[in-house]
Amino acid sequence: MALKGNLKDMDLSDVIQMGCRGRERARLLIRSHGQEASIFFEGGQVVHATLGSQAGEEVVYELLTWEDGEFELETGVAPPAHTITINWSALLLEGMQRIDERKALEAQADTSSKKEATEVAPKKRSELLADALSDLLSSSTDIEGGALVGIDGLVLSANVPIGKLDETLVGAAAAAIFGLSRRSVEQMKRGEFFQTLIQGSKGNIIVTFVDDRNVFVGLTPADVNLGMAFYEARQVAEKLAEIMAG
């Protein structure tokens, strides 16, 4: 049974998340002002998108700007091609970042249309987040993987061992750990959640508060200096919080 609706009532980003979390083959058909676009899902990822003669990631970025249009999500439809390879959460993060940048540029043009741009364009938020995680892993001997995860499980940026972990699963697990830890802290009247540790036979999971909407999850080997790992997790969490606030 197909899911139908209008983008006035449901953001396209929410529809895309539903399509990915269903982990089925599916096609999202969108019609707006005489234009028709399609987004294809497979294995919990966005794998293909078309709009007229365009295909790939840029189509999704364009569609995220649409605020009106009928949509229909039909399961069981195989993608005719694979033009998108990045993780769906990174795709949405980049798209929303572009929208923010476009609005900022439009506002700037309205107030100073004749002013010349003399500064080098700053890095995008997604790039700053990726740089912060990369810097942590390159300098740390205790943390071997990390991710910034929303409390709803959306992975905003991740740097985890390639081929060993799925970013979507990391996000879901981190959100579950955070939810349980926060409730436990509240029930035990220990104040506000700050950090939690889960130890396994092959390594540890550290979940650290970043801000009201996000946490940092760090992965370590079993034999590490936990004191140093906690310190490094706190340091990168503060850096990620600065980036998100900026």
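Residues numbered from 1 in each chain as written. Predicted model: local features only at pLDDT ≥ 70, side-chain atom pairs only at ≥ 80, totals over all residues. Heavy atoms only, no water.

Participant: Hey, could you run me through the overall build of the protein chain in this one?
Facilitator: Counting secondary structure elements, the protein chain contains six helices and eleven strands. Taking the principal axes of its C-alpha atoms as reference, the protein chain extends roughly 60 × 55 × 35 Å. Restricting the contact set of the protein chain to residue pairs at least 6 apart, pairs at least 24 apart contribute 61%. Accessible surface, the protein chain: about 14,000 Å² in total, of which carbon and sulfur atoms supply 50%. Separation between the mean location of the 24 positive side-chain charges and that of the 37 negative ones in the protein chain comes to 3 Å. (Helix = DSSP H or I, 4+ residues; strand = E, 2+ residues; numbered from the N terminus. Contact = heavy atoms within 4.5 Å. Areas by Shrake-Rupley, 256 points an atom, 1.4 Å probe, with all protein chains shown as cover. Lys, Arg positive; Asp, Glu negative; His and termini not counted. Charge placed at Lys NZ, Arg CZ, Asp CG, Glu CD.)

Participant: How should I be thinking about the sheet that holds strand 2 (residues 26-32) in this particular structure?
Facilitator: Consider a sheet: its strands pair through backbone hydrogen bonds, and that pairing is either parallel or antiparallel. Ordered in space as 1-6-2-3-4-5, the six strands form an open sheet in which the pairing is antiparallel. Where the open sheet ends on each side, the last strands, each with one partner, are strand 1 (3-6) and strand 5 (54-55). Of the pairings in the sheet, the one linking strand 4 (residues 45-51) to strand 5 comprises two bridges and is antiparallel in character. Counterpart to Leu 51 in the pairing with strand 5 is Gln 54. Those strands touched by helix 1 (residues 12-21) are strand 1, strand 2, strand 3 (35-42), strand 4 and strand 6 (70-75), and its axis lies near 35° from that of strand 3. (Pairing = 2+ DSSP bridges. Axes fitted to C-alpha atoms, helices over the stretch in contact; angles between N-to-C directions.)

Participant: Honestly, helix 1 in this entry has me stumped. Any pointers?
Facilitator: In an α-helix, one turn spans 3.6 residues; hence positions three or four apart end up facing the same way. Taking burial as the measure, the ten residues of helix 1 include seven buried ones, the bulk of the element. Taken residue by residue, helix 1 has Leu 12, Ser 13, Val 15, Ile 16, Gln 17, Gly 19 and Cys 20 as its buried positions. Tucked into the core, helix 1 has its buried residues touching strand 2, strand 3, strand 4, helix 2 (57-63), strand 6 and helix 3 (88-111). Where helix 1 ends, the next residue or the one after it, Arg 23, has phi of about 55°, a positive value. (Buried < 20%, exposed > 50% of the residue type's maximum accessible area, 1.4 Å probe, protein only.)

Participant: I tried to follow the pairing of strand 6 on my own but got confused; where do I start?
Facilitator: It is a general feature of regular strands that their side chains alternate between the two faces of the sheet. Looking at chain direction, strand 1 and strand 6 are connected through four bridges and run antiparallel. Paired with Leu 3 across the bridge in strand 6 is Leu 73. The pairing of strand 2 with strand 6 spans six bridges and is classified as antiparallel. Paired with Ile 30 across the strands is Phe 71, a residue of strand 6.

Participant: Explain the side chain of His 48 here, please?
Facilitator: As for its position among the elements, His 48 is in strand 4. Setting aside anything within four residues of it in sequence, one finds His 48 in contact with Ser 38, Ile 39, Phe 40, Ala 55, Pro 80, Ala 81, Thr 83 and Ile 84.

Participant: Mind showing me how you'd approach the packing of aromatic side chains here?
Facilitator: In this description, an aromatic ring pair is defined by two values, namely the gap between the centres and the angle between the planes. In this structure the tally under the stated criterion is one aromatic pair. Summarising the aromatic geometry, the rings of Phe 178 and Phe 193 are spaced 5.3 Å apart at their centres and angled 85° between planes, so their arrangement reads as edge-to-face. Of this pair, Phe 178 sits in helix 5 (residues 167-187) while Phe 193 sits in the loop between helix 5 and strand 9 (195-200); the two residues are 15 residues apart in sequence, bridging distant segments of the chain. For the residue pair Phe 178 and Phe 193, the accessibility class agrees, reading buried in each case. (Phe/Tyr/Trp six-rings, centres within 6.5 Å; stacked < 30°, edge-to-face > 60°.)

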